[in-house]
Amino acid sequence: MRDVTAGSEPVLELLPMVFADPGEARARAEHLLRTGPSPLHGSVAHQVLGIWQRDFGDLRIALRHLRRARDLAARAESADREADVLATLGVALVHAGRTRQGLASFERGVARGSGHTRARVLYRRAYVWWVLGRHREALEDVRRALPVLRQVADDIWTARALTLRATVHLALGAVDRAVADFTAAERLWDTTGQEHDKADAVESRGLAAFRSGDIPAALRLLDEAEERYAKLDTPTYNLSIRRCEVLMAAGLAPEALAEADAASTLLDRIGGQSTRKAELLLAASWAARAAGDAHTAIARAAVAVRLFAAQRRTWWETHARLVLIEARTATGRRSGRMVADAAAVAERLASFGSPAAPEASLLAGRIALALGWTADAERHLAVAARSRHCGPAPARVTGWAAQALRAQAAGSRRGVLEACRRGLDVLDDHRMTLGASELRAHTSTHGAELAALAQEVSLAQGSPRRLLGWSERWRATVLSAPPTRPPDDPALLSGLTAYREIAARAEAARMDGRPVPALERERRRLEREIRSRTRHMGGAAADAGDRFDVGRLLDRLGDVRLVELAVVDGRVHVLLCGQGKVRRFAGGSLAEAVAEAEHVQAGLRRLAHPGAEARLPVVEAAGRRLQELLLAGAASRLGSGPVVIVPPGALHRVPWALLPALRERVLSVSPSAGSWLRARETVPPPDGRAVLVRGPGLASGGAEVPELAHRYGTATVLEGDDAQVPRVLAELDGAGLAHLAAHGTFRADSPLFSALRMADGPLIVHDFERLARSPHRIILSSCDTARLASVGADELLGLVTALLPLGTAGVVASSAPVNDAAVVPLMLALHKGLGAGLSLAEALRDARAVLPGDPAHQATGWAFAAFGAA
C-alpha cells in the first residue's frame, strides 16, 4: 500500500482551484485526462470534474466522475486518496437524495483516511450532517476535525470548518457564536486565493446579519456575494434560498417567490442537486404563504415534504410540514388532526432547537381556538408566548401575538391591547433600522394582525376614541419619520443617470413605433440595481417617529372636521373627529366601496376624452353610492368648515370631491391623521421661492407655465433643455412652492419608479428621496400623480407619500388621467387662490367652482385632490 507519490503536488493543486477559479480547474482537469494520466492523477482529475458538476452542473454526470475517481484511487493503492474521493462522493450522493449510500461512503472514507485527510473527511461529513439537519452530529465532527486542521496550518480547510460551524450555530439560533466563527474564518480567507470560498463567506455573513436583525446589511452582503459568484460564473442556488428568507422578513414575499421559482427552474434545467431543489421548494412555499397564495404554498410544500422525507432530512421535512399546515389553515381548513399535527411539529422543532418552534406552537393554538378548544389553545399559546421576551424581532412578535390571543380567549380586553401594544413596539424598533421607505412600508405586514386585533377590541368596547388611536397605530407608519437620505454613492448616482438615459431612449423608440426589447431589458436591470442599493441603507432615526395622540389631534382641529375611515372585519367605520370628540358611524362593505371606486375611475378616464358626455350621470351616481358606503350618517354632521379625509390604503383612489357632501367644501386628503398633524405643523422655508417646471410632450404644452411665470415674477422657470433632472432637483430643494407640469407615469408593479417626464428622462421617486427638503407646497399638474400603491399593512407608496415626510406640507395631484387642455384653467384658478393667501385645499375648492360646466372640465376638477395641510 502506498500514499500520494512525489511529483503529484501540481496535480493535487487542481482540487483547491475548484473553489478559487472553477472554470480554469475544470479546463485543466479535462486537459489532464486527455494526456492518459496515471491512476493517481486520473483520480484527481475525475474528482475535480465531479466537484464542478456536483456544485455547478449536472449531478448525474458528477456521480459518474466521482465513481471513476474512487475506482482509480483504489487502483493507485493510495488510502488517503481513496478516503478523500469517498468523502466527495458521499456529499454528492446525499445531494442526489441517496442519503443512506452517502453516509456509507463517509463511513468507508473515515476508516480509510488518517491524520490530515481524515480531518478533511470529517469536515465534509459535518457538512452533510448540516444538510440533513442533524446539527449535533455536525458540531461533533467539526470538533474532531478542527484541531488537526489547525495543527497542520491548513488555512483553507480550517476556514471552511469555521464557516460551517457558524452556519450550524445560526440554524440553532446562536447568533453570537456564529458571528465569532465567521469573523475568524474571514481572517483566514484573506490569506488565501479561494475566491468561491470567499464569496461563500460573504454570503454567510449576510445570513448572520439577517439573524442579528440587520436586514439592510444582509441584503448588501448577499448582493456582494452574488457579484462575486457572477465573476466566477457559478450558480447561486443557496444564495437564492437565503435571500428569499431575508426578502420575506422584509415583507417582499412576491419577490421571494419569484426568485425561488426562477432558481428552481434553472436547477431543473441543468439536472442539479436534489437537496437544493427541496430547499428551493420550501423557500417558495414559505414565500407563497406569506404572499397570500395558499394553494401555491400547499403545492410547493407538499413536494418539499416528500423530497425531504426521501432524503432522510427530518429537520428540513419538519419545517416543510409547518408551512404545509399553515397554508392549509389559510384556506379555512380546521380539524383536531391539524391541531395534533401542528403540536407535533412544534415539539419536534423545539427538540431541534429551531427558532421556528414558537411559530408552530402559535399555529396549533390558533387552530385550537378556531375549534373552540380553549384549554388546548391555552397550552400551545403559552408555549409560543415564551418567545416574546427574547430573540430577533419576528420571534418576539410571534410571542406577543400568542399572548394577545391568550388574553382574547380569557376575555381580557386590557390584556389584548397590552400585548398588541408591546408587539407593535417591537416592530416599530425593527422598522426604524430600515433606511429605505420601501422596506419600512412592506415590513409593516408583520404588524397587521396585532393592529387588527386591537381594532376589534376597541370596537367591541364601544370607544370611538380608542378605535381611532388603534387605527392610527399601524397606519402610514412609513410617513412617521423621513426615510434615510441615500448616500452620495457614486454607483447609485451612476445607476440613476443610466436609468434615466435608457428610459428616455426606450420612450423615444416606442413613440417611433420601434421595438425596444434590449432597452427594456437594460432598464429592468438598472431598476434592480437601484432598488438593491437603496435597500442597503440602514435607518438613521433614533426612535420610531412621532406617536399619535388623539387629544393633541382634537386640540389642533379647530373648525376642521377630520374623517378617518377604519376597516374592521371588512366593514368601514366612519370616525368623525371635531369639537373635542370622536363619533363613530357604521359604513358599508369595504369590498363594495373598492369596486365602486374602480367604476368611478373608469368613468373619469372616459370623461378625459371628447365624446364621453353620456358617462357623466353614471359617474355622479357612483359618487352618491360611494357617499352612502363611506360617509354614511357622518355626511350630515360635517359642519361648515374644512374637511380632512383619512382613507385606508384600499380606498386611496376615491375622487373625494365627487361625493355630493364634499363637492363644495374645503377638502384635503391625508394618509393618516398623524401625517396631517405633522404637515399642519411644518414651518415653511423663509424665502418662499417659487419654481415652475415644464416637461416635454404635453398636449397643452404646459400652457399655464408662461402665465404663472409672469404672475410670480421672480419664480425660477425650467423648461426645454433646462428641465433636466439634476437641475430640477437642485431648484426644488428647499423651495416654498413648486409647480410641475409634466407627464406622470404610475408604476403599480414598482411605485418608487413612478415618474414625471423631464427633458432628459424620468424624474422618479428615488430622485425625490435625495432632496434634503422637498418644497413646502407642490402642485403636480399631470395625470396619475396622486396614484399610490397599497402595500404592507396599510401603507401607500408613490410620489405624494414620498414627498410628505421630506418637508412637504401640501400637494395637489391627480388620481386619474386628465384632459390636458382642461388642466390649464384649473391650475390658473388654483394659483390665483394661492396668490390671495388661500391654502391649497381652499384654492382648489374655488378653482373647481369657476371651471366650465362641461364633462371634461368637471371630471378634471374631481380628479385633483389636495393632500396634507398647507
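Let me sum up the structure you'll find in this document. (Residues numbered from 1 in each chain as written. Predicted model: local features only at pLDDT ≥ 70, side-chain atom pairs only at ≥ 80, totals over all residues. Heavy atoms only, no water.)

## Quick notes on the overall build of the protein
Put simply, the rule reads: Put simply, DSSP H or I for four residues or longer makes a helix, DSSP E for two residues or longer makes a strand, and each gets a number counted from the N terminus. Residue burial is assigned from relative accessible area. The probe radius is 1.4 Å, only protein chains are included, and a residue is buried under 20% of its type maximum, exposed over 50%, and partly exposed in between. Only heavy atoms enter the contact rule, under which two residues are in contact if any of them lie within 4.5 Å. This count recognises Lys and Arg as positive and Asp and Glu as negative, with His and chain-terminal groups excluded. By convention, charge coordinates are those of NZ in Lys, CZ in Arg, CG in Asp, or CD in Glu.
Within the protein, the secondary structure is distributed over 39 helices and 16 strands. Its C-alpha atoms give the protein principal-axis dimensions of roughly 100 × 70 × 50 Å. With 870 residues in all, the protein has 60% of them scored as buried. Across the protein, every contact between residues at least 6 apart in sequence was considered, and the portion connecting residues at least 24 apart equals 71%. A distance of 5 Å separates the average location of the 112 positive side-chain charges in the protein from that of its 98 negative side-chain charges.

## Things to note about the sheet that holds strand 10 (residues 755-758)
Spelled out, the test is: We call two strands paired when DSSP finds no fewer than two bridges between them. Fitted lines through C-alpha atoms give the axes, limited to the stretch in contact for helices. The angle between two N-to-C directions lies from 0 to 180 degrees.
One open sheet accounts for three strands, arranged 9-10-11; its pairing is antiparallel. Strands with a single pairing partner mark the edges of an open sheet, and in this sheet they are strand 9 (744-745) and strand 11 (761-764). In terms of strand pairing, strand 10 meets strand 11 through four bridges, oriented antiparallel. When the bridges of strand 11 are listed, methionine 758 appears paired with glycine 761. Docked against the sheet, helix 27 (residues 490-511) engages strand 10 and strand 11, running at close to 130° with respect to strand 11.

## Considering unusual backbone geometry
Positive phi, normally seen in glycine, also occurs at alanine 153, with a value near 55°. Inspection of the secondary structure assignment puts alanine 153 in the loop between helix 9 (135-151) and helix 10 (155-171). The backbone phi angle of arginine 312 is positive, close to 60°, even though this residue is not glycine. Checked against the element boundaries, arginine 312 lands in the loop between helix 17 (294-310) and helix 18 (314-330).

## Looking at helix 17
What counts is decided by this rule: The span you would expect from a helix comes to 1.5 Å times its residue count less one.
The end-to-end C-alpha distance of helix 17 is 24 Å, a good match for the 24 Å that 17 residues give at a rise of 1.5 Å each. Listing the buried residues of helix 17 in full gives Ala294, Thr296, Ala297, Ile298, Ala301, Ala304, Val305 and Phe308. Positive phi shows up at arginine 312, right after helix 17, with a value of about 60°.

## Overview of the side chain of serine 754
Applied cut-off: Polar contacts here mean pairs of N or O atoms no more than 3.5 Å apart (in protein, one a potential hydrogen donor and the other a potential acceptor; neighbouring residues in sequence count only if both atoms are side-chain atoms).
Secondary-structure assignment places serine 754 in the loop between strand 9 and strand 10. At 3.0 Å, the side chain of serine 754 forms a polar contact with the backbone nitrogen of arginine 747. Not counting residues within four places of it along the chain, the set of residues in contact with serine 754 comprises Thr745, Phe746, Arg747, Leu763, Ile764, Val765 and Leu799.

## Side note on the pattern of salt bridges
Worth spelling out the cut-off: A pairing counts as a salt bridge when a side-chain nitrogen of Lys or Arg comes within 4 Å of a carboxyl oxygen of Asp or Glu.
A full pass over the atoms with the stated rule returns 66 salt bridges. A salt bridge links arginine 243 to aspartate 223, with the nearest nitrogen and oxygen atoms 2.9 Å apart. Pair noted here: arginine 243 is in helix 14 (residues 237-249) and aspartate 223 is in helix 13 (residues 215-232), with a separation of 20 residues, a long-range link. Accessibility assignment for this pair places arginine 243 and aspartate 223 in one class, buried. Linking glutamate 527 and arginine 523 is a salt bridge whose minimum nitrogen-to-oxygen distance equals 2.5 Å.

## Concerning the packing of aromatic side chains
For any two aromatic rings, the description comes down to two numbers: the centre-to-centre distance and the angle of the planes. Under the convention used in this document: Two rings belonging to Phe, Tyr or Trp (six-membered ring only in the last case) form a pair when the distance between their centres is within 6.5 Å. Interplanar angles under 30 degrees mark stacking, angles over 60 mark edge-to-face geometry, and anything in between is tilted. Distance and angle both matter: a charge sits over a ring if NZ of Lys or CZ of Arg is within 6 Å of the ring centre and within 35 degrees of the ring normal.
Throughout the structure, instances matching the rule amount to six aromatic pairs. Measuring from ring centre to ring centre gives 5.9 Å for tryptophan 52 and phenylalanine 56, while their planes differ by 75°; the resulting arrangement is edge-to-face. Of the two residues, tryptophan 52 and phenylalanine 56 are both situated in helix 4 (residues 39-56); the distance of four residues between them amounts to about one turn of the helix. Classification of tryptophan 52 as buried rests on a relative accessible area of 15%. In this structure an aromatic cluster arises from ring pairing among Phe308, Trp315 and Trp316. Here arginine 388 stacks its cationic end above the ring of tryptophan 400, 5.3 Å away from the centre of that ring.

## Thoughts on the nonpolar core
We count it as follows: Each nonpolar core is a collection of buried residues, namely Ala, Val, Leu, Ile, Met, Phe, Trp, Tyr and Cys, held together in the definition by side-chain atoms within 4.5 Å.
Val563, Leu630, Trp656, Leu662, Leu740, Leu756 and Leu763 are the most contacted members of the largest nonpolar core, which has 106 residues in total. Per element, the largest residue contribution to this core is eight residues, and it comes from helix 37 (residues 820-835). Not counting the four nearest positions on each side in its chain, leucine 740 is found in contact with Val693, Leu732, Leu756, Leu763, Ile778, Ile779, Leu780 and Ser781. By size, the runner-up hydrophobic cluster in this structure holds 97 residues, among which are Val175, Cys244, Ala327 and Leu427.

## Re the state of the cysteines
Counted only if it meets this: Here, a disulfide means two cysteine sulfur atoms that sit within 2.5 Å of each other.
Tallying each qualifying case throughout the model produces zero disulfides. Left without a disulfide partner, cysteine 390 is nearest to the cysteine sulfur of cysteine 420, which lies 20 Å away.

## A few points about the environment of serine 494
Along the chain, the position of serine 494 falls in helix 27. The exposure class of serine 494 is partly exposed, given its relative accessible area of 45%. Distance from serine 494 to aspartate 767, taken between C-alpha atoms, is 12 Å for residues 273 residues apart in sequence.

## Notes on the side chain of aspartate 767
Checked against the element boundaries, aspartate 767 lands in helix 35 (residues 765-768). Using a relative accessible area of 3% as the deciding quantity, one classes aspartate 767 as buried. Those residues in contact with aspartate 767, other than ones at most four positions away along the chain, are Leu496, Arg500, Val725, Leu729 and Pro762.

## A short note on the pairing of strand 15 (residues 810-814)
When a strand is regular, its side chains alternate between the sheet's two faces. With five of its five residues buried, strand 15 lies for the most part within the structure. Because side chains alternate across strand 15, one face comprises the buried residues Gly810, Val812 and Ser814, and the other comprises Val811 and Ala813, equally buried. Bridge count between strand 12 (residues 777-780) and strand 15: three bridges; the pairing is parallel. Among the inter-strand pairings, isoleucine 778 is bridged to a residue of strand 15, identified as valine 811. Relative to strand 16 (residues 864-868), strand 15 runs antiparallel, the two being bridged by five bridges.

## Remarks on the packing of helix 9 against helix 10
Here is the rule: Roughly parallel means an angle under 35 degrees; roughly antiparallel means over 145; roughly perpendicular covers 65 to 115; every other angle is labelled oblique. Here is the rule for handedness: rotate from the far helix to the near one, and if that takes an anticlockwise turn smaller than a right angle the crossing is left-handed, while a clockwise turn gives right-handed. Residue type decides the class: Asp, Glu, Lys and Arg count as charged, Ala, Val, Leu, Ile, Met, Phe, Trp, Tyr, Cys and Pro as nonpolar, and the leftover types, Gly among them, as polar.
Direction vectors running N to C along helix 9 and helix 10 enclose 155°, while the axes themselves pass 10 Å from each other. Considering their axes alone, helix 9 and helix 10 lie roughly antiparallel with respect to each other. Once helix 9 is placed against helix 10, the crossing between them reads as left-handed. Residues His135, Ala138, Leu139, Val142, Leu146, Leu149 and Arg150 of helix 9 form the contact with helix 10, whose own contacting residues are Trp157, Thr158, Ala161, Leu162, Leu164, Arg165, Val168, His169 and Ala171. A class-by-class count of the residues in the contact of helix 9 with helix 10 yields eleven nonpolar, three polar and two charged.

## Here's the deal with the pairing of strand 12
As defined by bridge partners, strand 8 (residues 737-741) adjoins strand 12 across four bridges and the pair is classed as parallel. Considered in strand 12, the bridge of histidine 739 is made with isoleucine 779.

## So, helix 22 (residues 393-409)
Across its 17 residues, helix 22 extends 24 Å between first and last C-alpha, which sits within 8% of the 24 Å expected from 1.5 Å per residue. For helix 22, the set of buried residues is Ala393, Ala395, Val397, Thr398, Gly399, Trp400, Ala401, Ala402, Ala404, Leu405 and Ala407. Glycine 411 sits one or two positions beyond helix 22 and adopts a positive phi of about 80°.

## Describing the environment of valine 91
Mapped onto the secondary structure, valine 91 falls in helix 6 (residues 79-95). Those residues in contact with valine 91, other than ones at most four positions away along the chain, are Arg54, Phe106, Arg124, Tyr127 and Val128.

## Details of the packing of helix 10 against helix 11 (residues 175-189)
Look at helix 10 against helix 11: their axes get within 8 Å of each other, and the N-to-C directions meet at 160°. With respect to helix 11, the element helix 10 is oriented roughly antiparallel. Relative to helix 11, helix 10 is oriented so that their crossing is left-handed. Contacts from Asp155, Ile156, Thr158, Ala159, Arg160, Leu162, Thr163, Arg165, Ala166, Thr167, His169 and Leu170 in helix 10 reach Val175, Arg177, Ala178, Asp181, Phe182, Ala184, Ala185, Leu188 and Trp189 in helix 11. Considered class by class, the residues forming the contact of helix 10 with helix 11 number twelve nonpolar, four polar and five charged.

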